[in-house]
Amino acid sequence: MKNNFLIIFLWLNLIITVNVCVAQQKSNKKVVPKKTTTKKTCCTTAIPNRLVINSSNTNVENSLKIIDNKTHEGMVWIPGGIFSMGGDNDQARQDEFPKHQVKLNGFFMDITEVTNAQFAKFVSATGYVTTAEKDIDWDELKKQLPSDTPKPDAETLKAASLVFVPTSGEVSLQDYSQWWNWSHGANWKHPQGKDSTIDGKDNYPVVHISWDDANAYCKWAGKRLPTEAEWEFAARGGLSKNVYTWGNKKVDEGKFHCNYFQGNFPYKNEVSDGFIGSAPVKSFPANDYGLYDMSGNVWEWCADKYNNLYYDSFKKVKVTINPIGPTKSYDPDEPLVEKRVMRGGSFLCNESYCSGYRVSARMKSSADSSMEHLGFRCVSN
């Protein structure tokens with residue numbers, strides 16, 4: 001299984017940096033990334049993208065019956081206003097600067113991440129099939145590979161998603177393949193792999209959800225994904241210049257503020273908060289806007305494309321109004337892959353290694369990516 005995962009990732013590298021990877025293959029050496037000020041984490045640059053698949057769901061999406069969302073049930077009003085967006089401490093990475101002033105209109109936001117029960121209603125009503133439940137389309141994939149790339153075996157191309165598997169001991173944190181497993185049969189109904197289940201977990205956040213899946217749900221529910229600015233404004237809960245949704249106390253100071261990885265990542269989870277993976281929504285205190293799990297638990301998709309230099313565009317702007325993200329995606333780690341923003345951190349974030357639960361922390365992946373710690377919530381005007 002792990003060999004198949006490594007083969008898949010090698011193909012992905014070929015897609016992204018063909019010339020570099022071919023040269024490295026000839027010399028049988030790993031590509032050594034250039035040094036940057038971006039901190040390597042368990043949640044950011046150490047996550048591969050899912051391979052190209054036929055994930056349009058066109059017929060299903062065109063037939064979606066939109067729910068009347070006028071009541072905004074399960075949502076809370078976020079009043080809007082002006083805030084300072086971007087990094088607030090020395091853990092902030094380069095793509096979180098410069099801080100800049102943003103003005104937003106008010107909006108409604110889901111109080112919690114979308115749950116298994118809510119997503120099940122959507123699937124029952126529409127027959128929707130998620131990205132992780134679809135086999136990889138070789139005819140589409142080979143268009144992005146060197147012409148002499150051999151077709152993989154049928155097993156490798158079967159539907160799969162990424163599942164976290166703790167290591168047996170301390171390992172190099174630069175080699176994420178040691179704890180991410182490309183698992184056939186893993187999807188929203190089987191979050192830890194084909195033999196797992198969500199029975200009794202209606203109130204857990206739905207995971208293994210791609211950006212495409214999240215948008216299909218939003219369309220059906222009469223909602224939309226939040227912009228990155230809306231997400232950060234809501235996560236701050238009205239607090240100014242604070243690192244976390246709860247203030248400035250570190251995540252491991254005092255009571256448990258969110259669901260995160262306690263111990264030594266990726267091999268020793270002390271489970272001090274009682275949750276080895278994701279937790280039921282509302283297991284931790286809400287922020288001052290009444291929003292739960294804006295830090296930790298699972299990463300959440302935003303509407304925006306990701307560009308590492310996007311904040312630079314605001315250097316000469318006094319206040320930007322209702323920004324919707326860059327027109328072009330760019331990630332220097334994978335220049336040819338269009339990516340979307342994710343926010344909030346997850347149960348795999350750790351203070352000594354990954355601080356993705358900071359309100360300004362940014363994460364990115366391709367729209368067809370799906371993982372055990374990736375979900376979403378919706379907003380509405």
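Residues numbered from 1 in each chain as written. Predicted model: local features only at pLDDT ≥ 70, side-chain atom pairs only at ≥ 80, totals over all residues. Heavy atoms only, no water.

**A look at the overall build of the chain**
The helix and strand tally for the chain stands at seven helices and 14 strands. Put simply, the chain has 381 residues, and 55% of those count as buried. Here the contacts in the chain between residues at least 6 apart in sequence split such that 76% fall between residues at least 24 apart. Summed over its atoms, the accessible surface of the chain is roughly 16,900 Å², and 51% of this surface lies on carbon and sulfur atoms. (Helix = DSSP H or I, 4+ residues; strand = E, 2+ residues; numbered from the N terminus. Buried < 20%, exposed > 50% of the residue type's maximum accessible area, 1.4 Å probe, protein only. Contact = heavy atoms within 4.5 Å. Areas by Shrake-Rupley, 256 points an atom, 1.4 Å probe, with all protein chains shown as cover.)

**What about the pairing of strand β5 (residues 160-164)?**
On a regular strand, each side chain points to the face opposite its neighbour's, so the side chains alternate between the two faces of the sheet. For β5, the buried fraction is high: five of the five residues fall into the buried class. Alternating residues of β5 divide into A160, L162 and F164 and S161 and V163, and every residue in both groups is buried. The pairing of β5 with strand β6 (residues 180-184) spans five bridges and is antiparallel. Each bridged residue has a counterpart across the sheet, and for S161 the counterpart in β6 is S183. (Pairing = 2+ DSSP bridges.)

**Focus: the sheet that holds strand β11 (residues 339-343)**
A sheet is described by the order of its strands in space; here four strands give the open sequence β12-β11-β9-β13, paired in mixed fashion. The open sheet terminates on both sides in strands that have one partner only, identified here as β12 (362-366) and β13 (374-375). In this structure, β11 lies alongside β12, joined through five bridges in antiparallel fashion. Looking at β12, one finds that K339 is bridged to S366.

**Focus on the sheet that holds strand β3 (residues 100-104)**
Spatially, the three strands line up as an open sheet ordered β2-β3-β10, and their pairing is mixed. The sheet is open, and its two edges are formed by β2 (81-85) and β10 (320-321), each paired on a single side. Where β2 and β3 come together, five bridges link them in antiparallel fashion. Paired with I82 across the two strands is K103, which belongs to β3. On top of the sheet, helix α7 (residues 228-236) reaches β2 and β3; it is set at about 95° to β2, its chief contact. (Axes fitted to C-alpha atoms, helices over the stretch in contact; angles between N-to-C directions.)

**Side note on the side chain of N116**
With respect to the helices, strands and loops of the structure, N116 is situated in helix α4 (residues 116-126). Of the residues examined, N116 reaches a relative accessible area of 4% and is grouped as buried. Filtering out sequence-adjacent residues up to four positions away, N116 remains in contact with W188, I198, K201, D202, Y204, P205 and V206.

**Considering empty space enclosed by the protein**
Inspection of every chain in the model, using the stated rule, returns two cavities of 30 Å³ or more. By volume, the second largest cavity is sized at about 30 Å³. Contributing to the lining of the second largest cavity are M85, E228, A229, D304, Y310, P323 and G325. Partitioned by chemical class, the residues of the lining of the second largest cavity number four nonpolar, one polar and two charged. (1 Å grid on protein atoms, 1.4 Å probe; cavity = no way out; pocket = protein on both sides within 12 Å on 5 of 7 lines; lining within 4 Å. Points joined across faces, edges and corners; volume = space filled by probe spheres on them. Nonpolar A, V, L, I, M, F, W, Y, C, P; charged D, E, K, R; others polar.)

**Quick word on the environment of L157**
Inspection of the secondary structure assignment puts L157 in the loop between α5 (138-141) and β5. Considered as a pair, L157 and I136 are 21 residues apart in the sequence and their alpha carbons are 5.1 Å apart. Excluding its chain neighbours within four sequence positions, the residues that come into contact with L157 are D135, I136, W138, K151 and P152.

**Things to note about α7**
Counting buried positions over the nine residues of α7 gives nine, a clear majority of the element. Inspection of α7 places E228, A229, E230, W231, E232, F233, A234, A235 and R236 among the buried residues, and these make up the whole buried set. Just beyond α7, the residue with positive phi is G237, at close to 60°.

**Thoughts on the nonpolar core**
Ranked by internal contacts, the top residues of the largest apolar core, which has 50 residues, are F119, F122, W180, Y217, W301 and F376. Looking at this core, the elements that each hand over two or more residues are α4, α5, β5, β6, α6 (211-221) and β9 (299-305). By size, the runner-up hydrophobic cluster in this structure holds 24 residues, among which are I78, M85, C302 and F314. (Core = buried A, V, L, I, M, F, W, Y, C linked by side-chain atoms within 4.5 Å.)

**Some remarks on the packing of aromatic side chains**
Considering all chains together, one arrives at 22 aromatic pairs under this definition. With a centroid separation of 6.4 Å and 85° between ring planes, the pair formed by F164 and F261 is classed as edge-to-face. With F164 in strand β5 and F261 in the loop between α7 and β7 (263-264), this residue pair connects regions lying 97 residues apart in the sequence. Each member of the pair, F164 as well as F261, carries the same accessibility label: buried. Note on Y217 and F376: the rings are 5.4 Å apart at their centroids and 75° apart in plane angle, and the pair reads as edge-to-face. (Phe/Tyr/Trp six-rings, centres within 6.5 Å; stacked < 30°, edge-to-face > 60°.)

**A look at the confidence of the model for the chain**
Of all residues in the chain, 81% attain a pLDDT of 70 or more, and the chain-wide mean is 85. Long-range and interchain partners of residues 1-41, a stretch whose pLDDT sits below 50, account for 66 contacts in this model, where long-range means more than four residues apart. Under a pLDDT of 50 for its full length, residues 52-62 has, in the predicted model, 28 contacts with residues more than four places off or in other chains. (pLDDT = per-residue confidence, 0-100.)

**Some thoughts on α6**
In terms of burial, α6 is a largely internal element, nine of the eleven residues being buried. Within α6, the full set of buried residues consists of W211, D212, D213, A214, A216, Y217, C218, W220 and A221. Downstream of α6 by a residue or two, G222 has a phi angle that is positive, lying close to 70°.

**A short note on the environment of D199**
Mapped onto the elements of the fold, D199 is located in the loop between β6 and α6. Assessed through its relative accessible area of 64%, D199 is described here as exposed. Distance from D199 to K189, taken between C-alpha atoms, is 8.8 Å for residues ten residues apart in sequence.

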